[in-house]
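Spelled out, the chains give:
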Amino acid sequence: PGLHSSRPRITMAFACAGVSSVSLSARHVNSVTARKPARAPVKAAFAVRAEAAAVAAQKIRIRLKSFEVNHMAAACDKIIAAAEATEAKISGPVPLPTKRRIYCVLRSPHVNKDSREHFETRTHHRLIDVHQPTAQTIDALMGLELPAGVEIEVKL
């Protein structure tokens, strides 16, 4: 029926409950088979991966964790000073959300269950990106003496 009535029709029968037959025109069948994605050339895929690896190597991401804000600030200042001395570009320190861990403790071991104390630990996070690092930048960062209590995670 309609404009496409001159095209051949294909009828397929299904054994499903409630569906007796489905009709598809030849145009629909050809369009379904023509939609298969073409494979990209292999060389292009390797070139894209190599290019992404080269871009990733141009940035060092340093993530710091600490319970003390003062130690964190001192560590950030030392990292930034060492990176700027080797003429690398710096992004940060970016303050990430502080995680609070609350501990609820009974004040008395035997009685007074309603009397409790709450203690908390706050974990402060900072993120520093070093863009276009050189070998001297990496050597300067590896030789830093950072305050105790600051956890450092470095990703190249």
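In this report, the structure presented in the accompanying data block is examined. (Residues numbered from 1 in each chain as written. Predicted model: local features only at pLDDT ≥ 70, side-chain atom pairs only at ≥ 80, totals over all residues. Heavy atoms only, no water.)

**Considerations on the overall build of the protein chain**
Rule in force here: Strands here mean DSSP runs of E at least two residues long; helices mean DSSP runs of H or I at least four residues long; both are numbered from the N terminus. With a 1.4 Å probe rolled over the protein chains alone, any residue whose accessible area is under 20% of its type maximum counts as buried; one over 50% counts as exposed, and the rest are partly exposed. Contacts: residue pairs with any heavy atoms within 4.5 Å of one another. All accessibility values rest on the Shrake-Rupley procedure with a 1.4 Å probe; residue burial counts only the protein chains present in the view.
When helices and strands are counted, the protein chain shows four helices and six strands. In the protein chain, the order of α-helices and β-strands from amino to carboxyl end is β-β-α-α-β-α-β-β-α-β. Out of the 156 residues in the protein chain, the part that is buried amounts to 17%. Expressed as a percentage of contacts within the protein chain between residues at least 6 apart in sequence, the contacts between residues at least 24 apart total 67%. On the protein chain, roughly 12100 Å² of surface is accessible, and the fraction owed to carbon and sulfur atoms is 57%.

**Remarks on the nonpolar core**
To keep things clear, this is the line we draw: Take the buried residues of types Ala, Val, Leu, Ile, Met, Phe, Trp, Tyr and Cys, join any two whose side-chain atoms come within 4.5 Å, and each joined set is a nonpolar core.
Membership of the largest hydrophobic core comes to 14 residues, with the highest contact counts inside it found for Ile 62, Leu 64, Cys 76, Ile 79, Ile 128, Val 130 and Leu 141. Listed by contribution, the elements that provide at least two residues to this core are β3 (59-66), α3 (69-85) and β5 (116-131). At six residues, α3 tops the list of elements feeding residues into this core. When residues no more than four places from it in sequence are discounted, the contact partners of Leu 141 are Ile 62, Ile 79, Ala 82 and Val 130.

**A word on a nonpolar patch on the surface**
Let me state the cut-off plainly: Here, patches come from residues exposed beyond 30% relative accessible area and free of salt bridges, joined within 9 Å for like charges and within 5 Å for nonpolar side chains (Val, Leu, Ile, Met, Phe, Trp, Tyr). Salt-bridge detection follows one rule: a side-chain nitrogen of Lys or Arg within 4 Å of a carboxyl oxygen of Asp or Glu.
A contiguous nonpolar patch, built from Tyr 103, Val 105 and Phe 119 and spanning about 270 Å² of accessible area, is present on the exposed surface. Looking at the element boundaries, Phe 119 is found in strand β5.

**Quick notes on the sheet that holds β3**
Cut-off, in case you're wondering: One bridge is not enough; two strands pair if DSSP finds at least two bridges between them. The axes are straight lines fitted to the C-alpha atoms, using for helices just the contacting stretch, and the angles between their N-to-C directions are given from 0 to 180°.
Read from one edge of the open sheet, four strands run β4-β5-β3-β6, paired in antiparallel fashion. The sheet terminates laterally at β4 (89-106) and β6 (150-155), the two strands that pair on one side only. Looking at each pair of strands side by side, their axes are set apart by 15 degrees on average, direction ignored. Sheet strands in contact with α3 are β3, β4, β5 and β6, and its direction is about 5 degrees off that of β5.

**Thoughts on the pattern of salt bridges**
Within the structure shown, the criterion is met by three salt bridges. The shortest N-O distance in the salt bridge between Arg 61 and Asp 129 comes to 2.9 Å. On the criterion of sequence distance, the pair formed by Arg 61 in strand β3 and Asp 129 in strand β5 is long-range, its members being 68 residues apart. In this structure, Glu 120 and Arg 100 form a salt bridge, with 3.1 Å as the shortest nitrogen-oxygen distance. In this pair, Glu 120 sits in strand β5 while Arg 100 sits in strand β4, placing the two residues 20 residues apart along the sequence. When salt bridges with common partners are traced through the structure, they connect Arg 100, Glu 120 and Arg 122 into a single cluster.

Read these as layout, nothing more, since geometry by itself doesn't imply function.
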